[in-house]
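# Close look at the chain arrangement
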Amino acid sequence: MKLPKFGVKAAVMTVATCFGFSAAAMAEFPERPIQIINPWAPGDSADIVMRKAAEYMSEDLGVPVKVINRTGGGGIIGATAIATARPDGYTLGLLTPGPAVTQVVMGNTTYGLDDLKPVGIFWDSPFVLAVRSDEPFSSMKELGDYVNAGNTVTLGSYAQLAVPSLLANIAAEKTGFGYTRIIGLDPVSTLSLGTGDADIVTLPDARALLQDESARGLLTLTNERISTLPDIPTFKEVYGEEASLWTGLFTPRDVPQEVFDVVSKAFQKALEQDEIQEYAKSTGAYAYFLDSEGSSKRIHNEAERFKGMIDKLTN
Amino acid sequence: MVQIHSLRAVFTGFISLVACLLMFNSDKVVSLQSTETDLYRSPVFFPTLALAIIAVTGIALVIQAFKKVPFMLDMDCEDSSPKLFISASLLFLFLFYSLSSNWIGYLFSTLLFLMTAFFLSGIRSKVNIVLSALISLSLYAIFVWLLDIWFPKPWLASLLANSN
Amino acid sequence: MDILLNNLMSGISEIAHLNVILCLLAGSTLGVVIGAIPGLGPAVAIAVLLPATFSMTPLAGLSLLLGIYCGAWYSGSIPAILINTPGTPVAVLSTYDGYPMARQGLAKRALGIAFTSSFIGGMLSVLVLILLAGVLAGFAKNFGAAEFTMLTLFGIMLVIISSRGKVLATSFMLGIGLFLSTVGLGGATGMPRYTFGTTALLNGIPLVPVVLGIFAIAQALILIESSLTGAATQDTAARKKDDPSIGNQDAGVNWQSIKAVFEYPRTLLRSAGFGVGIGVLPGVGEFLAQFMSYVTAKRASRSPETFGKGNPEGLIASETANNAVTGAALVPLLALGIPGEALTAMMMSVFMVHNVFPGPRLFEQSPELVNGIYVSMLLMNIFIFVLLLSLTRWCSLVTRINPKVLGVTILALAFVGAYSVNLSLVDVWLALGFGVFGYLARRLGLPVFPLILAMVLGPIIETRLRQSLTISDGSLWIFVERPISLAVVSIMALILIFIASSAIRRKCARKKDEAGIMKPL
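Residues numbered from 1 in each chain as written. Chains lettered and ligands numbered in written order. Predicted model: local features only at pLDDT ≥ 70, side-chain atom pairs only at ≥ 80, totals over all residues. Heavy atoms only, no water.

## Focus: the sheet that holds strand S6 (residues 154-157) of chain A
Residues and elements named next belong to chain A. Spatially, five strands are ordered S7-S6-S8-S5-S9 in an open sheet, and the strand pairing comes out mixed. With partners counted over all chains shown, the strands left at the sheet margins are strand S7 (181-184) and strand S9 (215-220), one partner each. Taking each pair of neighbouring strands and ignoring which way they run, the sheet shows an average axis angle of 30°. Where S6 meets strand S8 (residues 200-203), two bridges bridge the pair, whose relative direction is parallel. Within S8, the residue paired with Leu155 across the bridge is Ile200. (Pairing = 2+ DSSP bridges. Helix = DSSP H or I, 4+ residues; strand = E, 2+ residues; numbered from the N terminus. Axes fitted to C-alpha atoms, helices over the stretch in contact; angles between N-to-C directions.)

In structure tokens, the structure reads:
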């Protein structure tokens, strides 16, 4: 090596002193950019709304707030990164029931249910159970009668044990029937209805139904009616139980309370902006804010409920 | 050519052995929580098929190698002979490069990697330093500035910072 | 023709805004740069720029992303030709004939041919998109699980057929690729497979690190070795030697190579046809199209034995089909509102963020946006083509760079390329591991291309096969009951019969004259 060793050392020291200064001047959170890890690919409604919210948070907190997508492994990769990040409030993350609940219940994760602390659940994506328009049933009850009369019905969803599929199964169980088969689709679209691969799909975006006349919705997997499809009954209306494909903002478990409060306040303020509410309305999603405690409670409830369904489906 | 033939036999034989091991121990390396009754829905159905292809063709390749059936090398490999020492040291250097990026940051680790790699492959004049500096700066410009790729904060720097 | 003109006119008025034009130019240029860097694909750039497009008008945002997409599709062939390392995974086939041409000192000619055929493929595909989007969408709508299963199997078969006489080794590598594609969460229930309890492998083995390891890292080592062996001296001599057929080496635009492309009009049209027709099938289309066009071009050629050794026709076949996919890939997105894979899914979100939902009604609701997209794609194809032609000379200088410098730089690029996709060092280590594997495989004469293709097609075969068998409750009849699937099965059977009969004939012929030289298929 021709390069004198002290050169490297000097360089390292320079970098170090830069950081040394900032660390010494540590006064108030936040003073560095904040990153929000999204374990899913960019571009779905939850990702877009988080990016919009991040802009408002950034204005409010005075440091850049950036959404980073770390995808893969059913969301576990990103979720693990959030759980194992340094609990200083500079790494936050988005979670959905998959990585937050069902993967934990199935024992696929290294983190537990309480290793991620919810800032709050804030977004329900507009999932719909959709069927071909020419099917002879128009509600879950009629579908149940149809199946119980000896007809076969194939459910198309992401994976057999993915959350939308579990919810569709819980709905069926409560109606009193079971799907003949479940097939995994990726992406889930109304196309599979047309080719006859599936008879009922867990459609992730209600807007697809407005485009495709050959399909219609039976039930929305939400608590509130989807604004763009006001005629379709919700899971909560039909079965009297909460069910939604939510997204929440989380921090690592051991974030100091004062830092957590700063994040939480900025986030709630961002959610109140008109732009975000309007965006929710136009996509058919539902924007709200369920506080930390409420979110924790919902997660634990769901863990129990999904565990029952997972055990049933795998045995 | 004799040597390549036997190496080829060892390489394909080894991979086919690994494939067999994985195939017959699939219950240990695949979590079979579900008790699927249908063969085609079992999570090991497709991997086992792939492993069987590897195992069978691998053994056939070993037999071919023993029979000294001639085979073509691609153009670049025909024209040059392996220099295992330099290649191995470059690969190790690459490993250190990936580890060091966590410690001293992307820019410095790239600079160090380029200088050492150029030195190893025989560029030892002043050109080395100039080239390394230019290449590492342009890589930094493209990836960190232009494409905004996020690299971990240098671990060493934050360590020193905390001890202050 | 009237429809075409009307569409174009309304599209032109849409696109005549400064910000749209700027996005188009910036996107195309960026795409060209990204595509030419091995390991960096359009997916990375689009993911990074996606949030920025949310604040633009839909047409501006889409022009930017489509520019990156098309640009990368063009320039992926540059490193494939010059350093035997595909810039994007779809450019794999361009290394077959492009790299040998470059080694023979015909780098510029190869680049010119690749760009020209890409341009023709790209333009034709946009024209077909304008005229036949509805028809193509109807075609794509008929492809369900059974059809996709058979198509991917057909793809695997084509890889073996085009294996240049290494059937056994190709199958071996295909098997490895298929197996690797099953690592991670998978199966009907999404359970971890072969992850050995680590979180890192839950994600499976991503394609980019494998491509980087097997191509970039292995090629870098071999380059450095060759420069130390002394082979480099004759090599550079060969490269510097002017080829009389190219005429003026330093001319700005190489008209000869453009002309050369038009000497194969049938290959051109056929390849574009494959690209457009099969490109509408997401995930499978881009690879299947180029293999089908390559294999057919080889079969139809008078000198099939030169394919893979620097035959320009092979390069034309793969590059034309490759770029003809770009327009077709948008069909499911625009006409059905269904993104087939990650890239088009990200483009779809540009529509969605502005509350435009692509689908059949898009053509009635906002025809001006659709026409704007068409014109934008035509313009970017022209721009990228002109840009690349003017850069050909500079690109070809890469072959004159000291192989040591080139090799080490490729290694540094491999690091950041592997890291950038998931921001994960695990991917870098995977790339390193596959670098060792790829190096050994190449030194031992095992073909590495099949592995990549199997990794792409593997997950599709597995899920589609499982879907099909689930629907049919395990019966294989489903593959012959559906008409399209039956058609694919019959084509496969016919090809197999043809190969078997010609192999028997060849065996008889060989017995007769004892020539003993086995012709590769």
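Structure's up, so let's keep going.
## Comments concerning the environment of Asp199 of chain A
Note that Asp199 of chain A resides in the loop between helix H7 (191-194) and S8. Leaving out residues up to four positions away in the same chain, Asp199 of chain A has contacts with Ala130, Val131, Arg132, Glu135, Thr152, Val153, Thr154 and Leu193 of chain A. (Contact = heavy atoms within 4.5 Å.)

## Here's the deal with the packing of aromatic side chains
Inspection of the entire model under this criterion finds 29 aromatic pairs over all chains. Ring plane angle 75° and centroid distance 5.7 Å describe the contact between Tyr140 of chain B and Trp145 of chain B, whose orientation is recorded as edge-to-face. Note on Tyr140 of chain B: relative accessible area 23%, which makes it partly exposed. Classification of Trp145 of chain B as exposed rests on a relative accessible area of 64%. Measuring from ring centre to ring centre gives 6.2 Å for Phe143 of chain C and Phe148 of chain C, while their planes differ by 70°; the resulting arrangement is edge-to-face. With relative accessibility at 7%, the residue Phe143 of chain C sits in the buried group. Residue class for Phe148 of chain C comes out buried when judged on its relative accessible area of 5%. Lying across the ring of Phe260 of chain A, Lys117 of chain A places its NZ or CZ 4.1 Å from the centre. Over the ring of Trp394 of chain C we find Arg393 of chain C, and its NZ or CZ is 5.7 Å from the ring centre. (Phe/Tyr/Trp six-rings, centres within 6.5 Å; stacked < 30°, edge-to-face > 60°. Buried < 20%, exposed > 50% of the residue type's maximum accessible area, 1.4 Å probe, protein only. Lys NZ or Arg CZ within 6 Å of the ring centre and 35° of its normal.)

## Notes on the sheet that holds strand S3 (residues 91-95) of chain A
Residues and elements named next belong to chain A. Strand order in the open sheet made by the six strands is S2-S1-S3-S10-S4-S11, with mixed pairing throughout. Only two strands of the sheet have a single partner each, and these edge strands are strand S2 (65-69) and strand S11 (286-290). Ignoring strand direction, the axes of neighbouring strands in this sheet form an average angle of 25°. Sheet topology places strand S1 (residues 34-38) next to S2; five bridges connect them, and they run parallel. When the bridges of S2 are listed, Ile34 appears paired with Val65. The sheet strands contacting helix H3 (residues 76-83) are S1, S3, strand S4 (116-125) and strand S10 (245-252), and the helix crosses S3 at an angle near 145°.

## Points about the domain arrangement of chain A
Residues and elements named next belong to chain A. Domain boundaries in chain A define domain 1 (32-124 + 245-314) and domain 2 (128-239). A C-alpha centroid distance of 26 Å is found between domain 1 and domain 2. Of the residues lining the interface, 19 residues belong to domain 1; the matching set on domain 2 comes to 19 residues. When domain 1 packs against domain 2, the two sides together hide about 1700 Å² of surface, and 68% of this comes from carbon and sulfur. On the domain 1 side of the contact with domain 2, Leu245, Met309 and Leu313 bury the most area, a combined 33% of that side's loss. On the surface where domain 1 and domain 2 come into contact, there are one salt bridge. For the salt bridge of Lys312 with Glu173, the shortest nitrogen-to-oxygen distance reads 2.2 Å. Taken together, domain 1 and domain 2 are joined by two residue pairs in polar contact (both at pLDDT 80 or more). When residues of the side of domain 1 that touches domain 2 are traced back to their parent elements, those giving at least two are helix H4 (97-105), helix H11 (274-283) and helix H12 (292-314). (Domains from an automatic or database assignment. Buried area = accessible area lost by both parts, 1.4 Å probe. Salt bridge = Lys/Arg side-chain N within 4 Å of Asp/Glu carboxyl O. Polar contact = N/O pair within 3.5 Å; in protein donor to acceptor, adjacent residues only side chain to side chain.)

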